[in-house]
Amino acid sequence: MKRITAGLFSVALAACGSEAVPTIDLPEERRLMSADVIGTSGQVIGEVVMSEGVHGMMFRLTAAGLPEGWHGAHLHTVGDCSDHVNGFKTAGGHINITQEEHGFLNPKGFHVGANFPNLYAPAGEPMRIEVFSQDLSLAQANDEDGFTFIIHVNEDDHVSQPIGGAGGRIACAAFTSQ
């Protein structure tokens, strides 16, 4: 396993040769919430498990069948992945509790909790990552309509507004309190 640490964020990458929908090996006591990762064809392609700590939320994700390369990932405001045909637009925009602009490299700052470093999908193997959403609590993210973990088609340049040039949405995991 390769671990990449970027400031307050940590991403773990591991290769897995299985063609089946990958699962997450995580003790039950750490699984506060979980959600299926849905691909653009509406099929389940993986899972995201969320754990909460005092200073934010940890997400462990695995997903198969994503295009090789770097992808932007963000938390979005609505827990709805039902419109896969339309590119998961029902998930809304980024969670932005601080009303800041987008991007870790933005000189004006960035919005808390909804941005992650880019994620890498290896060729022919599932993506396996772990990221931390600092200073965003489950109570802030999971309002009456939930929230989503979205993976975008392109990498995030961490500067451009409003989404860092990350482009369309190719995977979605909906978290709801129901």
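Nothing here was measured: the structure is a model prediction, and the numbers come from that model. In this numbering scheme, every chain counts its residues from 1 along its sequence in written order. It should be noted that, the model being predicted, local features are given only for residues of pLDDT at least 70 and side-chain atom pairs only at 80 or more, the latter also being counted only at that level, while totals for whole chains, interfaces and linings use all residues. Side-chain descriptors were evaluated using all non-hydrogen atoms of the structure, hydrogens and water having been removed beforehand.

Bringing the packing of aromatic side chains into the picture now. Only centres within 6.5 Å qualify two rings of Phe, Tyr or Trp (six-membered ring in Trp) as a pair; their planes then separate them into stacked at under 30 degrees, edge-to-face at over 60, and tilted for everything else. Per the stated rule, a full pass over the model turns up 7 aromatic pairs. The interplanar angle of 80° and the centroid separation of 6.4 Å between the aromatic rings of phenylalanine 59 and phenylalanine 147 together place this pair among those described as edge-to-face. In this pair, phenylalanine 59 sits in strand E5 (residues 56-63) while phenylalanine 147 sits in strand E10 (residues 147-152), placing the two residues 88 residues apart along the sequence. With relative accessibility at 0%, the residue phenylalanine 59 sits in the buried group. Taking the centre distance of 5.2 Å and the plane angle of 20° together, the rings of phenylalanine 116 and phenylalanine 149 count as stacked. Counting from the N terminus, the helices are the DSSP runs of H or I reaching at least four residues and the strands are the DSSP runs of E reaching at least two. Partly exposed describes any residue whose relative accessible area lies between the buried limit of under 20% and the exposed limit of over 50%, with all areas from a 1.4 Å probe on protein chains only and scaled to the type maximum.

Here, strands pair whenever DSSP counts at least two bridges between them. Taken in spatial order, the 7 strands make up an open sheet running E7-E10-E11-E3-E4-E5-E9, and their pairing is antiparallel. Each having just a single partner strand, strand E7 (73-76) and strand E9 (127-134) make up the two edges of the open sheet. Averaged over neighbouring strand pairs, the angle between their axes works out to 20° when direction is ignored. Sheet analysis places E7 next to E10, joined by 4 bridges and oriented antiparallel. Note on E10: the bridge partner recorded for alanine 73 is isoleucine 151. Think of each axis as a best-fit line through the C-alpha atoms, taken over the contacting stretch in the case of a helix, with angles from 0 to 180 degrees between the N-to-C directions.

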